[in-house]
Amino acid sequence: MICRYPPDARYVLDMKMFNNDVFVKVPGEHGGIFMWSNSNWNVILSSVDQIQMHGFDFMGDNLIITNPVAKKVQLVTAIDDRHEVRDWAGSGEEGPQDGPACKCQFGQPTGIVVENNKTVYVTDTQTGSIKLLVDIRPAAKFYKNIDYMLHLVSIKRDRHQYR
């Protein structure tokens, strides 16, 4: 046995490894996200913080969580001794709609996995689907630059034709 559950925890819903530490999600009024480090359990995010969450993972140094009540995916950033929670994806409206992060919809986002700190997969229990969330800004910038370069080439070509 590596360790026992955190105090007052009857069971663990989820578990992740990050920077050689073990993190667990415990449900209930004494629940939250706990970190096993140096043979001790430390509370990272408590149910007392009034943040509804189901699944969690790490994106960079931040927690990213599914909030089935708000129907959103949220990023939790540690600032000193408090946490800042901001919406990362989901309009808050119930439904299966895909689209940009602020407009996509979830029925009940539950599980979450982050791949390479860029690609996020979210299970939606109510719609029976797995959603892929990616930042398309780099691709949009690339296509904008291609469009700009094509525009420059066509101007030079047009000027050349008129000589």
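Here, every reference points to the structure presented above.
Because the structure is predicted, anything quoted here is derived from the model rather than measured. (Residues numbered from 1 in each chain as written. Predicted model: local features only at pLDDT ≥ 70, side-chain atom pairs only at ≥ 80, totals over all residues. Heavy atoms only, no water.)

Peer 1: Just give me the short version of the overall build of the chain, but keep the residues and values in it.
Peer 2: For the chain, the helix and strand inventory stands at 1 helix and 11 strands. Helices (α) and strands (β) of the chain occur, in sequence order from the N terminus, as β-β-β-β-β-β-β-β-β-β-β-α. Expected size for 163 residues packed as a compact globule is a radius of gyration near 15 Å; at 21 Å, the chain overshoots this value by more than 25%. By principal-axis analysis of the C-alpha atoms, the chain measures approximately 85 × 35 × 30 Å. Burial analysis of the chain (163 residues in total) assigns 33% to the buried set. Put simply, 29% of the contacts in the chain that link residues at least 6 apart link residues at least 24 apart. For the chain, the accessible surface area stands at approximately 11,200 Å², while carbon and sulfur atoms represent 51% of it. Charge centroids of the chain, computed over 18 positive and 19 negative side chains, lie 11 Å from each other. (Helix = DSSP H or I, 4+ residues; strand = E, 2+ residues; numbered from the N terminus. Rg over C-alpha atoms; globule rule 2.2 N^0.38 Å. Buried < 20%, exposed > 50% of the residue type's maximum accessible area, 1.4 Å probe, protein only. Contact = heavy atoms within 4.5 Å. Areas by Shrake-Rupley, 256 points an atom, 1.4 Å probe, with all protein chains shown as cover. Lys, Arg positive; Asp, Glu negative; His and termini not counted. Charge placed at Lys NZ, Arg CZ, Asp CG, Glu CD.)

Peer 1: Give me the lowdown on the nonpolar core, citing residues and values where you can.
Peer 2: Counting 12 residues, the largest nonpolar core consists of M59, I64, V73, L75, A89, C104, F106, I112, V114, V120, V122 and L133. Mapped onto this core, the elements with two or more residues apiece are β7 (72-79), β9 (109-115) and β10 (119-124). Leave out the neighbours within four places in its chain, and A89 touches K72, V73, A101, C104, F106 and L133. With 11 residues, the next largest nonpolar core counts F23, M35, M53 and F56 among its residues. (Core = buried A, V, L, I, M, F, W, Y, C linked by side-chain atoms within 4.5 Å.)

Peer 1: Lay out the pairing of β10 in plain terms, naming residues and giving numbers.
Peer 2: Each regular strand displays side chains that alternate between the two surfaces of the sheet. Relative to β10, β9 is paired through 5 bridges, and the arrangement is antiparallel. Paired with E115 across the two strands is T119, which belongs to β10. The turn joining β9 and β10, which pair antiparallel and follow one another in sequence, is formed by 3 residues; a positive phi near 55° is taken by N116. As defined by bridge partners, β10 adjoins strand β11 (residues 129-133) across 5 bridges and the pair is classed as antiparallel. Opposite V122, over in β11, you have K131 as the bridge partner. Taking the residues between adjacent antiparallel strands as the criterion, β10 and β11 are bridged by 4 residues, where G128 takes a positive phi near 65°. (Pairing = 2+ DSSP bridges.)

Peer 1: Outline the side chain of T110, listing residues and values.
Peer 2: Inspection of the secondary structure assignment puts T110 in strand β9. A polar contact is formed between the side chain of T110 and the side chain of T125, at a distance of 2.8 Å. Once you skip the residues sitting within four places of it in the chain, T110 turns out to touch H54, G55, T66, T123 and T125. (Polar contact = N/O pair within 3.5 Å; in protein donor to acceptor, adjacent residues only side chain to side chain.)

Peer 1: Break down the packing of aromatic side chains for me, with residues and values.
Peer 2: This structure, assessed with the given rule, holds 6 aromatic pairs. Summarising the aromatic geometry, the rings of F18 and F58 are spaced 4.3 Å apart at their centres and angled 5° between planes, so their arrangement reads as stacked. Taken as a pair, F18 in strand β1 (residues 14-18) and F58 in strand β5 (residues 56-59) lie far apart in primary sequence, 40 residues in all. Of the aromatic side chains, those joined through ring pairs into one cluster are F18, F23, F56 and F58. Above the face of the F106 ring, K131 is positioned so that its terminal group lies 5.4 Å from the ring centre. (Phe/Tyr/Trp six-rings, centres within 6.5 Å; stacked < 30°, edge-to-face > 60°. Lys NZ or Arg CZ within 6 Å of the ring centre and 35° of its normal.)

Peer 1: Outline the pattern of salt bridges, listing residues and values.
Peer 2: All chains considered together, the criterion is met by 4 salt bridges. The residue D14 makes a salt bridge to K16 at a minimum N-O spacing of 3.8 Å. The residue D98 makes a salt bridge to K131 at a minimum N-O spacing of 3.2 Å. Here K131 lies in strand β11 and D98 lies in the loop between β8 (82-89) and β9, a separation of 33 residues in the sequence. (Salt bridge = Lys/Arg side-chain N within 4 Å of Asp/Glu carboxyl O.)

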